[in-house]
Every structure is written in structure tokens, then in C-alpha cells.
Amino acid sequence: MLTQPDVIAGIHHAYLEAGADIIETNTFNSTAISQADYGAEALVPELNYRAARIARDTVDQFAHAAGRPAFVAGALGPTSAWRHLSGCQ
């Protein structure tokens, strides 16, 4: 979503065109805990904001053009913390 937002918007649009009423924000694992594995904790606010903005803009454009409502749902997803807590690597 940071490097190719048009790809993400296209995926959202394809789901809406296929009949979806709700699309997710593509923020699965965009948490500080999950991103810590990659040293990317500082990107979490931007990842979440941009993902939500892409989804919202896509839904708004689609709803206007199609004449039907569509919605955005935030996706939190699990973290990788369970592996660390359970002793698995």
C-alpha cells in the first residue's frame, strides 16, 4: 500500500465489482507487535492511515459510480506474538 497503492485500490475495486458490499483495509498485521519482527514499528501509523484512505477512496468512488452503498471494515488480524510467547520460532 505504500509502494503500489493503485494495485491495492484495484483489488478493492475488483471485489466491489464482483458484488462485495464491504471491503477490508488490508491492514492485517499492521500492528507494532507484528512489524517489530521487521524493525518497521515506526511505519505502523502510516500503514494503517494509507490503507484506510485507499479503501475509503475506492469505496466512495465506486458507490458514486455504481449508485449503491459500500462499506470499509478495518482488519486487525493476529500478531506473531503467540509464537514468541509459546516458545516457537
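So, here is what we can say about the structure in this document. (Residues numbered from 1 in each chain as written. Predicted model: local features only at pLDDT ≥ 70, side-chain atom pairs only at ≥ 80, totals over all residues. Heavy atoms only, no water.)

1. A short note on the environment of A55
Working step 1: If you trace the backbone, A55 turns up in helix α3 (residues 44–66).
Working step 2: On the accessibility criterion, A55 (0% relative accessible area) is buried.
Working step 3: Taking C-alpha positions, A55 is 9.0 Å from H13, a pair spaced 42 residues apart along the chain.
Working step 4: Look past the residues within four positions of A55 in its chain and what remains in contact with it is H12, I23, E24, T25 and V72. (Helix = DSSP H or I, 4+ residues; strand = E, 2+ residues; numbered from the N terminus. Buried < 20%, exposed > 50% of the residue type's maximum accessible area, 1.4 Å probe, protein only. Contact = heavy atoms within 4.5 Å.)

2. Describing the pattern of salt bridges
Working step 1: Taken as a whole and assessed by the stated rule, the structure comprises 4 salt bridges.
Working step 2: Among the ionic pairs, R50 bridges to E46, the shortest N-O distance being 2.8 Å. Highlighted residues: R50 and E46, both in helix α3, separated by 4 residues, approximately one helical turn.
Working step 3: Judged by its relative accessible area of 35%, R50 is partly exposed. (Salt bridge = Lys/Arg side-chain N within 4 Å of Asp/Glu carboxyl O.)

3. Section: helix α1 (residues 5–17)
Working step 1: Between the first and last C-alpha of α1 there are 18 Å, a value that for 13 residues agrees with the 18 Å anticipated at 1.5 Å per step.
Working step 2: Taken residue by residue, α1 has I8, H12 and L16 as its buried positions. End-on view of α1: buried residues confined to an arc of 80°, all on one side of the axis. In α1, the exposed residues that point more than 90 degrees away from the buried face are D6 and E17.
Working step 3: In this fold, the buried residues of α1 make contact with β1 (22–24) and α3. (Expected span 1.5 Å × (residues − 1). Arc of directions from axis to C-beta.)

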